[in-house]
Amino acid sequence: MQRHADSTQAGDGPEAEQDEGPLLAQQTSFRTGLCSARCGLALVLHVSLFMAYALRVGLSIAIVAMTNSSSPHGSAGITPNGSHRGFARGAPVYNWSAETQGIVLSSFFYGYGLTQALGGYCSGRVGGKHVLGSGLLLTSVLTLLVPQAADLGVSFLIGLQVLLGLAEGVIFPAQYTLWAKWAPPLERSRLMNIADAGCTFGTFCALLVAGIICQSLGWPFVFYIFGGVGCAWCLCWFLLVYEDPAHHPWISAGEREYIVLSLAHQGSSHGRSLPLVAMAKSLPLWAIAIACFCTDWLFYMLLTSMPTFMSDVLHFDLTENGLLSALPYVGNGLGHILAGLLADFLLARRVFGTAAVRKLFSALGMLLPAVCLVAVPYIGCSSTAAVVLLTLALTIISMTGAGININHIDIAPSWWHCKLRSKTEA
């Protein structure tokens, strides 16, 4: 016990424990493929994250249609072709500067960062199903109000974006709480990456469809359609998802036993109090946090700014903008799935240990996209080269889905279990 505690403090305890032998050793190797309850959860989460990101990025493409800084009418509500606002091409046009647009797009993250830790703690207390479903439902309802907020003024829209960030900030922590109860260690990468691929496919479809909606129906319908579909999906979420295998009514006894046995060594990942001092001193925690910050900086910068870059720098029209802005996310979604399969393959065959796999995928997933992004300013206004580099960057960054994006689940349950056992023995 002392040896394990020391190695955990040094940052490689869970990995070292897992590297000493197969994670599931001689336990049952129950597999049911696509018919398993855990795979069903991955698919439901895939659609849920698809919806969450579609709701998130709708404004990124719609703001191109919402703004026309060269229009003399500005926020008066008349488009350059003289039609009235509110319907199809007569939707309102606002005279917002590039700086104002940047503030509007970034205001989402003011709220998003505030509910990450709170979402994780609440998920541990009341369950990830309820927290994630409530966050997604509130996000969908607030999305329906975006056109009205924009009509009231940019300050109202910024405030609504902050509220959207607060609502959506609980979704990812709640997802991790569910996977801590559902994902066997040797299947963790593939299951989580199948779910996470919904983020990028949702982004792809939203950017592609939003441009078409803006030109055919008017930009307000982007929010009405996306918000309405999101509300409908939340009903499916609450009906289809169960908190853990023990409460699932249709899971087979074999699969339930397999999941429970595979996760037995990890103990519980939640408690009534948080060891904040110990967490602040944890080098592995800081390493994961800093790496996630750097990766998300690149990913979300592209997520919010790529449509504007396509419009203002590469001069694509609205339909082309949506298509080309969405293209890199096809590679990212497929990359997530392939990275998860490859990581689990390397772990199952014991080619690398858990720590080595997480470090390798994290390093490649951060370094190579950075090189691609740095190269973009040096290619001039070559639209083909820019799209290729951005597609490569977002495809390769998906490797972090099998690295730092999962690493905290590798260490958190075991860390808690070690602390609880230490207190008991004391």
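My aim in this report is to walk through the structure given alongside it, one point at a time. What you see is a predicted model; the values in this text were computed from it and never measured.

Comments concerning the environment of T391
Here comes step 1: Mapped onto the elements, T391 comes out in helix α17 (residues 383-396).
Here comes step 2: As a C-alpha pair, T391 and N332 span 59 residues in sequence and 7.9 Å in three-dimensional space.
Here comes step 3: Of the polar contacts made by the side chain of T391, one reaches the backbone oxygen of V387; its length is 2.7 Å.

A few points about the pattern of salt bridges
Oppositely charged side chains can pair when the atoms bearing their charge come close.
Here comes step 1: Counting across every chain of the model gives five salt bridges.
Here comes step 2: A salt bridge links E255 to R38, with the shortest nitrogen-to-oxygen separation between them at 2.8 Å. Here E255, found in helix α12 (residues 253-263), pairs with R38, found in helix α3 (residues 37-66); they are 217 residues apart in sequence, far enough to count as distant.
Here comes step 3: In this structure E255 comes out as buried when scored by relative accessible area, which is 2%.
Here comes step 4: Relative accessible area serves as the criterion here: at 2%, R38 is assigned to the buried category.
Here comes step 5: A salt bridge links E243 to K181; its shortest N-O distance comes to 2.9 Å. Of this pair, E243 sits in the loop between α11 (220-240) and α12 while K181 is found in helix α9 (residues 171-182), placing the two residues 62 residues apart along the sequence.
Here comes step 6: You can call E243 buried: its relative accessible area is 15%.
Here comes step 7: When its relative accessible area of 27% is taken as the criterion, K181 is described as partly exposed.
Here comes step 8: Within this structure, R38, E187 and E255 form a network of salt bridges that share partners.

Remarks on the nonpolar core
Here comes step 1: One finds M66, W179, W219 and Y329 to be the most contacted residues of the largest nonpolar core, which totals 89 residues.
Here comes step 2: Broken down by element, the residue count for this core peaks at 17 residues, all from α3.
Here comes step 3: M66 has contacts with L59, P92, V93, Y94, W96, A150, L157 and W219, leaving out every residue within four places of it along the chain.

Focus: unusual backbone geometry
Here comes step 1: Despite not being glycine, R350 has its phi angle at roughly 60°, a positive value.
Here comes step 2: Inspection of the secondary structure assignment puts R350 in the loop between α15 (318-348) and α16 (354-375).
Here comes step 3: When its relative accessible area of 46% is taken as the criterion, R350 is described as partly exposed.

Focus: empty space enclosed by the protein
Here comes step 1: A full pass over the atoms with the stated rule returns two cavities of 30 Å³ or more.
Here comes step 2: Lining the largest cavity, in full, are L55, R56, L59, F108, T139, T143, V146, Q161, L164, E168 and F223.
Here comes step 3: Listing elements by their share of the lining of the largest cavity, those giving two or more residues are α3, α6 (128-143) and α8 (154-168).
Here comes step 4: Its residues placed into classes, the lining of the largest cavity shows six nonpolar, three polar and two charged.
Here comes step 5: Along its surface, the second largest cavity is lined by R56, S60, L105, F108, F109, Q161 and T304.
Here comes step 6: Secondary structure elements with two or more residues in the lining of the second largest cavity: α3 and α4 (98-112).

Topic: the packing of aromatic side chains
Here comes step 1: Taken as a whole, this structure holds 15 aromatic pairs when the rule is applied.
Here comes step 2: With centroids separated by 6.2 Å and ring planes inclined at 85°, the aromatic side chains of F109 and Y112 adopt a geometry described as edge-to-face. Placement of both F109 and Y112 in helix α4 is noted, with a separation of three residues, approximately one turn of the helix.
Here comes step 3: An aromatic cluster of at least three residues, connected via ring pairs, comprises F108, F109, Y112, F299, Y300 and Y329.
Here comes step 4: Note that R56 overlies the ring of Y53, its terminal NZ or CZ placed 4.2 Å from the centroid.
Here comes step 5: Lying over the aromatic face of Y112, R56 brings its terminal NZ or CZ to 4.4 Å of the ring centre.

Some remarks on a nonpolar patch on the surface
Here comes step 1: Among the surface-exposed residues, V351, F352, L360, L364 and L368 lie close enough to one another that they form a single nonpolar patch of about 390 Å² accessible area.
Here comes step 2: Here F352 shows up in the loop between α15 and α16.

The rules behind each value
Residues numbered from 1 in each chain as written. Predicted model: local features only at pLDDT ≥ 70, side-chain atom pairs only at ≥ 80, totals over all residues. Heavy atoms only, no water. Helix = DSSP H or I, 4+ residues; strand = E, 2+ residues; numbered from the N terminus. Polar contact = N/O pair within 3.5 Å; in protein donor to acceptor, adjacent residues only side chain to side chain. Salt bridge = Lys/Arg side-chain N within 4 Å of Asp/Glu carboxyl O. Buried < 20%, exposed > 50% of the residue type's maximum accessible area, 1.4 Å probe, protein only. Core = buried A, V, L, I, M, F, W, Y, C linked by side-chain atoms within 4.5 Å. Contact = heavy atoms within 4.5 Å. 1 Å grid on protein atoms, 1.4 Å probe; cavity = no way out; pocket = protein on both sides within 12 Å on 5 of 7 lines; lining within 4 Å. Points joined across faces, edges and corners; volume = space filled by probe spheres on them. Nonpolar A, V, L, I, M, F, W, Y, C, P; charged D, E, K, R; others polar. Phe/Tyr/Trp six-rings, centres within 6.5 Å; stacked < 30°, edge-to-face > 60°. Lys NZ or Arg CZ within 6 Å of the ring centre and 35° of its normal. Patch = residues over 30% accessible without salt bridge, like charges linked within 9 Å, V, L, I, M, F, W, Y side chains within 5 Å. Areas by Shrake-Rupley, 256 points an atom, 1.4 Å probe, with all protein chains shown as cover.

By themselves these figures say nothing about function.
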